[in-house]
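A structural walkthrough
Residues per chain are reported as follows:
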Amino acid sequence: MAVHVASPRIWSRDLQKAWSTWGSRLCSQSSSSTQPSHHPRTQAEKAKRRQAREKAILSSDVNDPGLLWSDKEKITYTAALVPGEKKDTTLPFPQSYSPEYVEFGWYQWWEKQGFFSPEQHPHAVDKYFSFCIPPPNVTGTLHLGHALTVAIEDALARWRRMQGCKVLWVPGCDHAGIATQSVVERKLMREQGKCRRDYSREEFLKQVWRWKDEKGDEIYHQLRKLGGFSSAVTEAFVRLCDSGLIYRSEALVNWSCALEWTQRSCLAGLFCLFPVISRKCCLTFFVIFFSEGEVAVSTTRPETMLGDVAIAVHPDDPRYKDLHGKHCRHPFTERLLPIITDSMVDVTFGTGAVKVTPAHDHTDFLLSQRHSLPRLTVIGGDGTMTSDCGQWLEGVKRFDARERVITALMERKLFRGKKEHPMSLPICSRSGDVTEPLLKKQWFVRCQEMGRKAVQAVDEGDLQIIPHFYTKMWKSWLSNISDWCISRQLWWGHQIPAYRVTLENSKDTEEEQWVWGRSAAEARQRAAVKFGVNPDAITLTQDPDVLDTWFSSGLFPFAMLGWPQQTEDLKQFYPNSILETGSDLIFFWVARMVMLGRELTGQLPFKQVLFHSLVRDKYGRKMSKSLGNVIDPLDVISGVSLERLQEKVREGNLDPRESVVAMEAQKKDFPKGIPECGTDALRFALCSYKAQGEDISLSVSHVLSCRHFCNKMWQTVRFTLATLHDASLPTSLAETYPLSGMDRWICWRLYSTVQQCERGFQSYELHTVTSALHSFWLHSLCDVYLVKKQVAVSVLYHCVSISLALLSPIMPFLTEELWQRLLPYADSDGTSRSLCVQPYPKTSQLEHWCFPKEEADFSLVQEVVRVARLLRAQCQLTKERPDCERTSSFFIKQSGWILPTTQ
C-alpha cells in the first residue's frame, strides 16, 4: 500500500483540498455485541453464507419496499460569493434546512483563514495531536467504509483543535500496485487487444499514469508521482538490508498464472491472506512400486507428479511401519524416491501416504527444509508444464496435464481410483484463476524479532490497542509471524533499489551477486568495495520487481513528516498521537508500521491504535468494489437516481454474476434512488454507530432520519433567533443563573450532556456523544423546555450555542451556519471568528448549572410528554380535531387497562 504524498508541509493545505469534497465534510444506534468472535468461519461456511445472501437479494418474494422518501425543497445560496470569502449570515433565514444551502462556501473559508494549519490557532496551547488517514486505493472512488474512517478521524481532529491542540491530520493515497496494474491491463486488453508484455516497462507506466489522470477523481487530483516518498522507501530498504533484516532467498510464492505475478503470501501459519473458494476436487489414488511391494499414494494434484521427490507417511501410522527409510521408484521418471516420516502428515487424508512436491506446495516446501529434499519446478509462470516433464507434457496447461497424467497412470495399470474430496482453493482476487505455488527468488524481511518487540510494546503498555479485545489477535499473529516476502513481479510501484552485479570476465553466470544503494552510483561504489574491483569493471542491472505496497505504507507515519531528514514536523508531530483505522488492517498495515517504525526511528509510530468495525450492507456483505455494493458518500450527500446507481455498476469491472446481484440489490433497496441527506447527516449517522464492536450494517434510512434531526436543529435556532430579536441581549454564561424549576432542569440536562460528551470523546466512543446530544436536543430542549410559554432568554441562548459547540466536531457545516447566526448576540471578545476554533465546552464552565435534584422531579414530566408524542404519532393525529374514539381505544390498549363495558 505505497503512498503518494506531496512535500510534508503541503499536507494541511493542498492534499486536504483533495479530501474536501466529502472527506472533510463528512440517533444512537449500537450493535448487538461489543466483541467480535475470535473463531473465524471456515471457507465452506463463508461460501454458504455468501450464497444465502445472493439468494435473498435475487429472490422475488421479498416484500421490503426499500427506502421510501419524498422530495424536499432545495434552497441554494444565491448571493455573490468569492471562493474563500465568508458567507453573509445576515441574509434572511430560510424556512427549512437545505444541505446545499448550509454547506456552500464554509470549507473554502476555513481553508483560506488557515484554521486547519497547526500554527494558526487563536487558543493554541503547547500540545500536539497528529495522525494519518489510512490511504485509500487510487483504483477507484471512496465508499462508505472510507467515509466512516474520515468521519471518526475528522471529528477527533476537530475536537482536539477546539481543545487548543496543534493538530496535524495527514491524508495520502495508496498506489495500489496489484489492483492498479490489474485494472489497466484489463482495460488495454479490452480496448486495444494488448497485454502488458506488448509494451516496454516505460510505455506501460505511461499507460498507467494516463489512466489515473483520465479517472479525474477529485479525491486524488493532488496525487504526486513517486517523488518525495520514494526517497524514504529507498532509504528504508537500504538501511534494513545493511542491518541484515532484508535478505534474498528462494521460496514459494502464490503466483497468478493468468497475470504472471505474485499474489499475497501466507504470512503466518494461522491465516491465508488471499481469497479462497471451496470446491469438490478429486482425490486420486495410484501406486508406486518398491522392491518389496507397492504403496498406495493419494493426491489432489496428479499433474505435479513429475516434481515428486519423496513419499511421506506419519511416523506413528502402523500401516507403514515397515517402509520407514526405504525407497521406491517414480512411475514416470524412474527416480528413486525416499519414504520419509513426518508428524505433519495427516493419517486420515486418503491412504495416509502422500507425495512430496516441494516446488508446488507450501507444506511440502517445509518438509523439504526439514528433510533436505531437492525442489523440482514442473509448472512455469504461465501455468504450462516445463521441459523437465518430458515432451509428452511440455507446454500443456496445468489442468489439462492433470487428465493426461491420470490417463497415463491408467495405461500403466497404476491407477487405483478417485473420489470426491472437498477442499479450499486459493484464488487470485484480480484474475479469478487458481493461484499456483511457485519457487521464486524474492526479497524477504526477517520479522520474528521485530514481531516480538511489537508484542512487548503492548504488554508493557507503551502501545495501547482499543478495543482491548484485539490485543489477543495482535499477540497471536505476531507471535507466529514468518518472514515477509516484499517482492512483487509488477511494473507499477516502487522499483526495488537492489542491483544484480556482473563482473567483467566473470565465468560464473549462475550464482547471483547483489548490492543495494540509494542510487545506482552508490550501488556501484558498494559493489566495487565488496568485490575488490574497479567500478568501471562492474555492470549493474536493477531488479525489475517492485516492493510490496504494504512495505512503503508501513513508513507512512514518519515518512509523511519528512523522514529520513530530521524536519521540524518530524520533531513536533512524531510519534503520532493515535492511529485510527479499520480492524481488517490490524496485520496488513498496523503491525508493519509498528515493526518498521520502531526499527527505523527507534520509536513506536503512535501511542494508541483505535480500530473501528467494518461497514456492511443490509445483507451483511462487506462493502467492496468487487461486489458492486459500495455506496459513494457523495451520492448520500447530494442524492442520486436509481438509473445513475445502476450505470455505475455497469461502468465497473464486475464479474457478470456479481453485476446482476448488485443491480438487483439496488432496485430493491433504492427504488427511487437515494435522497439528498447532506454531509452533516451522513457524518452524524456514521458516528452514531458503536464502531468498537461488531461490524456495522449501515442503513441509508438511518442517515435520512439524521437529516430530519438537522431540520429539527434548524427550526430550533429559528425559534431562538425570533426570541432573541424581541428581547435584550443575553447575559454572559458566568452571569446566567436559572431561577425557575424548569430553567434549572434544562441547565442540569445541559451540564450532564457536556459531561457525557467529554467522556465519549476521551474514550473514543463517539456513539455516546451523538446519543447524548440527540437526546438533549430532541427530548429535553425541544420536547419539554421549548413547550413552556415563557423561556428564559439567556438560558435558551446558552443552551443552544453550547449545544452547537458540542456538535461542531461531528456536524461542522450546520453548526457553523447556525452559530454564525447567533454570533451577533454573543458576548464576544473579538476572537470569535469561527466555531471550529472555539474552545470545546467543559463541565468546569457550568458548575453553577449543576442541579441534580431537578432530574428526579422532572422524570414524570418527561414520561408524560414522551407518551403523548407517541400517541400522536401512532394515531396519526394532526393539529385538526383528533379522532377521539380511535385515540381512546389506542390509549386503553397501550396502557393495558381493562374497563367495564356498558350495556
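Residues numbered from 1 in each chain as written. Predicted model: local features only at pLDDT ≥ 70, side-chain atom pairs only at ≥ 80, totals over all residues. Heavy atoms only, no water.

An unreviewed UniProt entry annotates the protein as Valine--tRNA ligase, mitochondrial of Cyprinus carpio carpio. You can read under Subcellular location (unreviewed entry) in the UniProt record for the protein the words "Mitochondrion". Recorded in UniProt for the protein, the comment headed Catalytic activity (unreviewed entry) runs: "tRNA(Val) + L-valine + ATP = L-valyl-tRNA(Val) + AMP + diphosphate". (UniProt positions renumbered as here; feature names shortened; annotations may be inferred.)

The next point concerns helix 4 (residues 106–113). Considered for burial, the residues of helix 4 that qualify are Trp106, Tyr107, Trp109 and Trp110. For helix 4, the buried positions fall inside an angular range of 160° around the axis, keeping them on one side. Positive phi shows up at Gly114, right after helix 4, with a value of about 75°. (Buried < 20%, exposed > 50% of the residue type's maximum accessible area, 1.4 Å probe, protein only. Helix = DSSP H or I, 4+ residues; strand = E, 2+ residues; numbered from the N terminus. Arc of directions from axis to C-beta.)

So, on to the pattern of salt bridges. Within this structure, the stated rule accounts for 34 salt bridges. Here Lys475 makes a salt bridge to Asp459, at a shortest N to O gap of 2.7 Å. Here Lys475 is found in helix 12 (residues 470–479), whereas its partner Asp459 is found in helix 11 (residues 448–459), with 16 residues between them in sequence. Its relative accessible area of 30% is what places Lys475 among the partly exposed residues. Measuring nitrogen to oxygen at the nearest pair gives 3.8 Å for the salt bridge that ties Glu512 to Arg500. A residue pair is termed long-range when its members are at least 10 positions apart, and Glu512 in the loop between strand 18 (498–503) and strand 19 (514–516) and Arg500 in strand 18 qualify at 12 residues. Judged by relative accessible area, which is 27%, Arg500 ranks as partly exposed. When salt bridges with common partners are traced through the structure, they connect Glu235, Arg239, Asp242, Arg518, Glu522 and Arg526 into a single cluster. (Salt bridge = Lys/Arg side-chain N within 4 Å of Asp/Glu carboxyl O.)

This part is about the sheet that holds strand 23 (residues 606–612). Taking strand neighbours across the sheet as the criterion, the three strands line up as 15-23-22 in an open arrangement whose pairing is parallel. Looking at strand neighbours, the two that pair on one side only are strand 15 (464–466) and strand 22 (576–582), the edges of this open sheet. Looking at each pair of strands side by side, their axes are set apart by 15° on average, direction ignored. (Pairing = 2+ DSSP bridges. Axes fitted to C-alpha atoms, helices over the stretch in contact; angles between N-to-C directions.)

A few words on the environment of Arg869. Following the sequence through the fold, Arg869 ends up in helix 27 (residues 852–874). On the accessibility criterion, Arg869 (36% relative accessible area) is partly exposed. Once the C-alpha coordinates of Arg869 and Asp783 are considered, the two residues, 86 residues apart in sequence, prove to be 8.8 Å apart. The residues touching Arg869, leaving out its near neighbours within four places in the chain, are Cys782, Asp783 and Val787. (Contact = heavy atoms within 4.5 Å.)

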